[in-house]
Amino acid sequence: MTAQPNPEAGAAVKAADRAHVFHSWSAQELIDPLAVAGAEGAYFWDYEGRRYLDFTSGLVFTNVGYQHPKVVAAIQEQAGRMTTFAPAFAVEARSEAARLIAERTPGDLDKVFFTNGGADAVEHAVRMARLHTGRPKVLSAYRSYHGGTQQAVNLTGDPRRWASDSGTAGVVHFWAPFLYRSRFYAQTEEQECARALEHLETTIAFEGPSTIAAIILETIPGTAGIMPPPPGYLAGVRELCDTYGIVFVLDEVMAGFGRTGTWFAADLYDVVPDLMTFAKGVNSGYVPLGGVAISGAIAETFAKRPYPGGLTYSGHPLACAAAVATINAMAEEGIVENAARIGASVVGPALHELAQRHPSVGEVRGVGMFWALELVRNRETREPLVPYNATGEAGAPMAAFAAAAKADGLWPFVNMNRTHVVPACNVSEAELKEGLAALDSALSAADEFV
Ligand code: PMP
């Protein structure tokens, strides 16, 4: 499954990258990107012939793995037939993708506005909510990520916002529940849930319900730490939105399309938002695509009045053909069920077992193929292994952890003091066990800092 090593080709790729590619979220001269030669399934490999099991799924988007033959074939077929077409037309790949998505989204989220990715899906969801309600403000949680464009970064509730915050976006942040680092002095999930809902209702009251267009939440916050909400929280937010006429937006850009072992994380909590954003897993990121699934009531607002927004590549046929093939492959191959089954039977138990043996593991959280290990210096005080910082930089302990994992053929996800276990949703049990064994020895490197 790897190509012949070709270090000279790798060196050329790297040299051009270093000379001309300006990378996201990085100090350009302090990074050393790996030159990648190829990828298949849950693995990728470099030009030296080293192969890595990808526990990151790219940026948590290759839910069907790399180079899935059905998705590659669908893209090739679409490219041969109709590579592109403007968004104002009815095009088969676009309408079929929308139909398949609407069939799977909860409740009456039956219309789909397509975007190029997650951040612009969030931008449009917020615009729709403001126009639908005629209200200006949006409430968003701390410990969240909603994207790198201006509105989405303003909504983001962690240090990735600091450098770019415009300060004028009508965004108010609140604390969502997270028992391990409770802001509410809670000892139990029930307390955390009740107090977080009370805090949110108080925030609404003091901001003024008639000024609030939307509440936006990641169903399960992803990059900020994979923090499944306590039972009842999202239903409680739904109730508050109904009481105060606020649009409920769930951001499923990361958690959607099988990641949690259900089609959407909202299915785990039996909650139906008014707008739901998606991207990434919708077509495993093979061609950029995102979107907003829209309820009947909000679609009605724009039935006779134009929706004032659009994108040149909205519903791009290549991206939509990839979505159709991805969704069909997930259904035919039981990929969502695979994520649920081996998440519960292999990943969860294995991570809890690692937590018993490794003093650096403070908490294990997750569901499906969506897990986080929170690493600490001290389990009693829960002091993070690396301090909270504005850049998400890993620092020496996390760098030692990542280097140990890579030396063992595992590519780990690292953000601040966390590592996330987010492989492809169709990863096999044998592949997972190989990755978990490498994770075991990498955690020994982190233990050195406890
Ligand atoms: N929302 C969530 C929950 C995300 O995880 C991300 C990306 N990590 C985004 C929005 C932004 O998506 P994109 O990078 O495709 O713009």
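- Within an unreviewed UniProt entry, the label attached to the protein reads Aspartate aminotransferase family protein, and the organism entered is Streptomyces incanus.
- Looking at the protein in UniProt, the text filed under Sequence similarities (unreviewed entry) is "Belongs to the class-III pyridoxal-phosphate-dependent aminotransferase family."

Notes on the sheet that holds strand S3 (residues 51-54)
Then, number 1: Taken together, the four strands give an open sheet; going across it, the order is S1-S2-S3-S14, and neighbouring strands pair in mixed fashion. Of all strands in the sheet, those with a lone pairing partner are strand S1 (36-40) and strand S14 (410-411), marking the two edges.
Then, number 2: By the bridge criterion, four bridges tie S1 to strand S2 (residues 43-46) in an arrangement that is antiparallel. Bridging across to S2, Ala 39 finds its partner in Phe 44.

What about helix H8 (residues 233-244)?
Then, number 1: With 12 residues, H8 should cover 16 Å at 1.5 Å per step; its first-to-last C-alpha distance of 17 Å lies within 8% of that length.
Then, number 2: On its buried face, H8 is in contact with helix H7 (189-207), strand S7 (212-218), strand S8 (247-251) and helix H9 (265-269).

Brief notes about the sheet that holds strand S10 (residues 290-294)
Then, number 1: Ordered by their spatial adjacency, seven strands build an open sheet running S4-S10-S9-S8-S7-S5-S6, and the pairing between neighbours is mixed. Strands at the two margins of the open sheet, each flanked by one partner only, are strand S4 (111-115) and strand S6 (171-174). If you compare each strand with its neighbour and ignore which way they point, the axes differ by 20° on average.
Then, number 2: Judged from the four bridges that link them, strand S5 (residues 137-141) and S7 form a sheet pairing that is parallel. Note that in S7 the partner of Ser 140 across the bridge is Ile 216.
Then, number 3: Running over the sheet, helix H5 (residues 118-133) touches S4, S5, S7, S8, strand S9 (275-278) and S10 and is turned about 30° from S10.
Then, number 4: Here H7 sits on the sheet and contacts S5, S6 and S7; the angle it forms with S6, its principal contact strand, is near 150°.

What counts, and where the lines are drawn
Residues numbered from 1 in each chain as written. Predicted model: local features only at pLDDT ≥ 70, side-chain atom pairs only at ≥ 80, totals over all residues. UniProt positions renumbered as here; feature names shortened; annotations may be inferred. Pairing = 2+ DSSP bridges. Helix = DSSP H or I, 4+ residues; strand = E, 2+ residues; numbered from the N terminus. Expected span 1.5 Å × (residues − 1). Contact = placed C-beta atoms within 7 Å. Axes fitted to C-alpha atoms, helices over the stretch in contact; angles between N-to-C directions.

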